[in-house]
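These are the residues of each chain, in order.
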Amino acid sequence: QPALVAGQGGGVHLDACVLEPEPVTQHVVRIGGLASGGLYRYQVYSDGSPLGPEATFRAPRGPEESVFRFAVIGDTAGVGIPQQIAGELVDSGADFAIHTGDVVYPSGAESGYDAEFFEPFAAWLRIAPVLPTLGNHDVQTARGAALLSAFVLPPNGITAEPRAGAAGRGSRGDPRRGPLIRGEV
């Protein structure tokens, strides 16, 4: 039975355990009440056994904090290159990373995400999120459906009503459209 156990870290205390009753390949854990920028330890288990080392993540910074750090990466495919980028991200102190696209080569196929992204970037993904955008390679398979199903993206505030004058350019409900807005930058 998959489980995530979160605890104290960096002076912030949280006792939480999230259990998945059935095996799944995508886990989404929403935890409220986190201190802005607080550090939290966690451990992921399956059937009572740890799936990896204990890790620490930093909670998102609140709107009252005017300073944050982010990294921008893109075209990350290649033998050895993703692991090198992940190591540099870990050392960077960034709060999150934006991936500008071309996550999986050559055509954004679903079968490439584990080997080309999730495994090489595991060290970074344990501590901070990546917010991806679709690149020209990512959309070659089903208009980017694999990327959109591999990541849990923040809502973009786009509704299903089409825009005036948007004929032939897709629906406003399309997750491929719309800004990612967090606050003033």
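What comes next concerns the included structure. Keep in mind that this is a model prediction, so the values were computed, not measured.

Some points on the overall build of the chain
Next up, step 1: Along the backbone of the chain there are four helices and eight strands.
Next up, step 2: When its helices and strands are written in sequence order, the chain yields β-β-β-β-β-β-α-β-α-α-β-α.
Next up, step 3: In the chain, buried positions account for 29% of the 185 residues.
Next up, step 4: Within the chain, contacts between residues separated by at least 24 positions form 59% of all contacts whose residues are at least 6 apart in sequence.
Next up, step 5: Per element, the accessible surface of the chain, about 11300 Å² overall, is 56% carbon and sulfur.

Focus: the packing of aromatic side chains
Next up, step 1: Taken as a whole and assessed by the stated rule, the structure comprises 11 aromatic pairs.
Next up, step 2: Between Y40 and F57 the ring centres are 5.6 Å apart and the planes differ by 25 degrees, which places this aromatic pair in the stacked class. Of this pair, Y40 sits in strand β3 (residues 39–46) while F57 sits in strand β5 (residues 55–58), placing them 17 residues apart in sequence.
Next up, step 3: A relative accessible area of 2% means that Y40 is categorised as buried.
Next up, step 4: Considering the side-chain rings of Y113 and F151, the 6.3 Å spacing of their centres and the 80 degrees angle between planes classify their relative orientation as edge-to-face.

Notes on the nonpolar core
Next up, step 1: L89, A97, V103, Y113, F117, F121 and W124 are the most contacted members of the largest nonpolar core, which totals 18 residues.
Next up, step 2: A per-element tally of this core places helix α1 (residues 81–92) first, with three residues.
Next up, step 3: Sequence-distant contacts of Y113, defined by excluding residues within four places in its chain, comprise V103, V104, G108, F118, D138, A146, L147, A150 and F151.
Next up, step 4: By size, the runner-up hydrophobic cluster in this structure holds five residues, among which are Y40, Y42, F57 and A59.

A few points about the pattern of salt bridges
Next up, step 1: Summed over the entire model, instances satisfying the criterion amount to three salt bridges.
Next up, step 2: In this structure, the salt-bridge partner of E54 is R41, at a minimum N-O distance of 3.0 Å. Taken together, the residues E54 in the loop between β4 (49–50) and β5 and R41 in strand β3 connect sequence positions 13 residues apart.
Next up, step 3: Taken together, the shared-partner salt bridges in this structure form one network comprising R61, E65 and D95.

Describing the side chain of D102
Next up, step 1: Along the polypeptide, D102 turns up in the loop between β7 (96–99) and α2 (113–118).
Next up, step 2: Assessed through its relative accessible area of 7%, D102 is described here as buried.
Next up, step 3: A distance of 2.8 Å separates a polar side-chain atom of D102 from the backbone nitrogen of H137.
Next up, step 4: Setting aside anything within four residues of it in sequence, one finds D102 in contact with D75, T76, G135, N136, H137 and D138.

Some remarks on the sheet that holds β7
Next up, step 1: Strand order in the open sheet made by the three strands is β6-β7-β8, with parallel pairing throughout. A single partner strand is all that each edge strand has here, and the edge strands are β6 (70–73) and β8 (130–132). Neighbour-to-neighbour, the strand axes of this sheet turn through a mean angle of 20 degrees, independent of strand direction.
Next up, step 2: In terms of strand pairing, β7 meets β8 through three bridges, oriented parallel. Each residue of the ladder has a partner; that of I98, found in β8, is L131.

Section: the pairing of β3
Next up, step 1: Here β3 runs beside β5; their pairing, made up of four bridges, is antiparallel. Among the inter-strand pairings, Y42 is bridged to a residue of β5, identified as A55.
Next up, step 2: Taken together, the two bridges between β3 and β4 define a ladder with antiparallel strand orientation. Across the sheet, Y45 pairs through a bridge with P50, a residue of β4.
Next up, step 3: Taking the residues between adjacent antiparallel strands as the criterion, β3 and β4 are bridged by two residues, where D47 takes a positive phi near 50 degrees.

The rules behind these values
- Residues numbered from 1 in each chain as written.
- Predicted model: local features only at pLDDT ≥ 70, side-chain atom pairs only at ≥ 80, totals over all residues.
- Heavy atoms only, no water.
- Helix = DSSP H or I, 4+ residues; strand = E, 2+ residues; numbered from the N terminus.
- Buried < 20%, exposed > 50% of the residue type's maximum accessible area, 1.4 Å probe, protein only.
- Contact = heavy atoms within 4.5 Å.
- Areas by Shrake-Rupley, 256 points an atom, 1.4 Å probe, with all protein chains shown as cover.
- Phe/Tyr/Trp six-rings, centres within 6.5 Å; stacked < 30°, edge-to-face > 60°.
- Core = buried A, V, L, I, M, F, W, Y, C linked by side-chain atoms within 4.5 Å.
- Salt bridge = Lys/Arg side-chain N within 4 Å of Asp/Glu carboxyl O.
- Polar contact = N/O pair within 3.5 Å; in protein donor to acceptor, adjacent residues only side chain to side chain.
- Pairing = 2+ DSSP bridges.
- Axes fitted to C-alpha atoms, helices over the stretch in contact; angles between N-to-C directions.

Everything listed is a geometric property; what it means functionally is a separate question.
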